[in-house]
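Observations on the three-dimensional arrangement
Residue strings, one per chain:
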Amino acid sequence: MDQTNEHPNPKKDDQLADFADQVLRGTMNQPASPPTDDLLGLEETILRLNSSFPPTSLDDATVKQMHVRLKARIRREGQAAKPSFWKKWFGREVTPQLGLAFAVLAVLVVMVLTSPSLTPSVPPTTGTASTPISFMVIVGLVAVLFIVYWFTRRK
Amino acid sequence: MENTSNPILQDPSDELLVQHFKDGRQEAFDLLYSRHLPKVYKRVRYIVPENDVEDVTQEIFIAALNSISSFRGEAKFSTWLRTLTNYKVAEFYRKRTRKQEPPLAPLSDASAHTTGSTSKIMEERVYLQGALQSLPDNYREIILLRFAEDLQFNEIAELTSQNLEATKSLFRRAIAALRNHLDK
């Protein structure tokens, strides 16, 4: 349990903060509190943390080497991630769903182009009802366009 | 055009460097990198296994490079980069969990390539990393700000918009929580 929550103690807060400052400055390497004090365990934890991660600074040569490796990685990943044809033209990769929508759209376009209602072979007779298939095709087209729009709106 | 050939001023602010980079001056990012690498590296070293520290650090800077255009200067660049660092470290652990790898390398891994006292330090480090990782965010953050970034308590108070007393109190609670985790 975190007993410090129940017992606010600004004096101990200050003491521990000062102890941490001294440890990090390198002027303290052993607990400062008497064995009976409950700060002792916390001071030991600070010493443990400090000795496991001794203060180090990256020298210039290491920084430069790491920079070179970072640039090499960026170059490598930049080459690996060249945008595909689809990404280049449509601003997004083609998912299987979007591919299917394109395929359905292509089929419907072919159907529309080859539909008898669009081929002016016979002059229209007065009173003839319009071909039901052309209505279905238009509804289908609208549906497909809606699907494509929906997928492109999604991330 | 003339602007881009001017040398960058001596010791420009981070925000000015970001602006230079947005204006197409690649070397501005190099300066930001050199300036912030030590702190980012140190922070990552406290919470990520030794073998992955450089990799995660690289990912942080690649993410910074890719999203720097979204930096609008509402916060300090160092604060923005710290948030990005925490995000990428969290992502690192998410990926590890997804791959069913243990959150931190087992102690045996730490001693596999080392001997004697180095091995003991590495084991202790892995143990502490595990404990730090399991702390609540605000506890972990104050420990990292003081130990990894070497910020003074008054600087931490300013950064977290708290008074000095509250900051020191949080620090004591954080160390107490760390101790509890280490004792488990």
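Bringing the overall build of chain B into the picture now. Helix and strand content of chain B: 10 helices and zero strands. Helices (α) and strands (β) of chain B occur, in sequence order from the N terminus, as α-α-α-α-α-α-α-α-α-α. Evaluated residue by residue, chain B yields a buried proportion of 48% over its 184 residues. Within chain B, counting contacts between residues at least 6 apart in sequence, those at least 24 apart form 56% of the total. Accessible surface, chain B as shown: approximately 9,500 Å² in total, 50% of it carbon and sulfur.

All names here are of chain B. Annotation of chain B at the domain level lists domain 1 (11-105) and domain 2 (116-184). Taken residue by residue, the interface counts 15 residues in domain 1 and 16 residues in domain 2. Overall, the association of domain 1 and domain 2 removes approximately 1,500 Å² of surface from exposure, summing both partners, and the carbon and sulfur fraction of that is 53%. Ranking the residues of domain 1 by area buried against domain 2 places Arg43, Tyr46 and Arg82 at the top, with a combined share of 38%. In this structure, the connection of domain 1 to domain 2 is made through four salt bridges. Across the salt bridge formed by Glu141 and Arg43, the nearest N and O atoms sit 2.7 Å from each other. For the pair domain 1 and domain 2, the number of links is seven residue pairs in polar contact (both at pLDDT 80 or more). Of all the elements in the fold, those that place two or more residues in the side of domain 1 that touches domain 2 are helix H3 (26-47) and helix H5 (77-98). The element best represented in the side of domain 1 that touches domain 2 is H3, accounting for six residues.

With that settled, consider the interface of chain A and chain B. Taken together, the contact pairs 36 residues of chain A with 42 residues of chain B. Roughly 3,800 Å² of surface becomes buried between chain A and chain B when both sides are summed, with 63% attributable to carbon and sulfur atoms. Among the residues of chain A in contact with chain B, Leu49, Phe53 and Arg73 of chain A are the three that bury the most area, contributing 18% of the side total. Applying the counting rule to chain A against chain B returns eight salt bridges. Two residues, Arg69 of chain A and Glu54 of chain B, come together in a salt bridge whose shortest N-O distance is 2.6 Å.

Moving on to the side chain of Arg45 of chain B. Take Arg45 of chain B: it is sitting in helix H3. No salt bridge is formed by the buried Arg45 of chain B, whose closest oppositely charged neighbour, Glu50 of chain B, lies at an N-O distance of 5.0 Å. A polar contact of 3.4 Å, which involves the side chain of Arg45 of chain B, links it to the backbone oxygen of Pro54 of chain A.

This prediction gives chain B a mean pLDDT of 87; 85% of its residues lie at or above 70. Overall fold confidence (pTM) sits at 0.70, and the ipTM for the predicted complex is 0.82.

Quick look at H3 of chain B now. Taking 1.5 Å per residue, 22 residues should reach 32 Å; H3 of chain B reaches 30 Å between its end C-alpha atoms and fits that length. Largest kink in H3 of chain B: about 45°, centred on His36 of chain B, with the proline Pro38 of chain B one to four residues after it.

Here we take up the pattern of salt bridges. All told, the structure shown has 23 salt bridges over all chains when counted by the stated rule. One salt bridge in this structure joins Arg43 of chain B and Glu149 of chain B, with 2.9 Å as the shortest N-O distance. Placement of the pair is Arg43 of chain B in helix H3 and Glu149 of chain B in the loop between helix H8 (137-148) and helix H9 (153-159), with a sequence separation of 106 residues. Taken individually, Arg43 of chain B and Glu149 of chain B each receive the classification buried, so the pair is uniform in this respect. The structure contains a network of salt bridges with shared partners spanning Arg73 and Glu77 of chain A together with Asp55 and Glu59 of chain B.

Here we come to the nonpolar core. One finds Ile46 and Leu49 of chain A together with Ile143 and Phe171 of chain B to be the most contacted residues of the largest nonpolar core, which totals 69 residues. No other element matches the 10 residues that H3 of chain B contributes to this core. For this core, the domains that each give at least three residues are domain 1 (11-105) and domain 2 (116-184) of chain B. Among all residues touching Phe171 of chain B, those that are not within four sequence positions of it are Leu16, Ala17, Ala20 and Ile46 of chain A together with Ile142, Arg146, Phe147 and Phe153 of chain B. Counting five residues, the second largest nonpolar core, distinct from the first, contains Ala101, Leu105, Leu108 and Val148 of chain A.

What counts and how
Residues numbered from 1 in each chain as written. Chains lettered and ligands numbered in written order. Predicted model: local features only at pLDDT ≥ 70, side-chain atom pairs only at ≥ 80, totals over all residues. Heavy atoms only, no water. Helix = DSSP H or I, 4+ residues; strand = E, 2+ residues; numbered from the N terminus. Buried < 20%, exposed > 50% of the residue type's maximum accessible area, 1.4 Å probe, protein only. Contact = heavy atoms within 4.5 Å. Areas by Shrake-Rupley, 256 points an atom, 1.4 Å probe, with all protein chains shown as cover. Domains from an automatic or database assignment. Buried area = accessible area lost by both parts, 1.4 Å probe. Salt bridge = Lys/Arg side-chain N within 4 Å of Asp/Glu carboxyl O. Polar contact = N/O pair within 3.5 Å; in protein donor to acceptor, adjacent residues only side chain to side chain. Lys, Arg positive; Asp, Glu negative; His and termini not counted. pLDDT = per-residue confidence, 0-100. Expected span 1.5 Å × (residues − 1). Bend = angle between axes of the 7 residues up to and from the residue. Core = buried A, V, L, I, M, F, W, Y, C linked by side-chain atoms within 4.5 Å.

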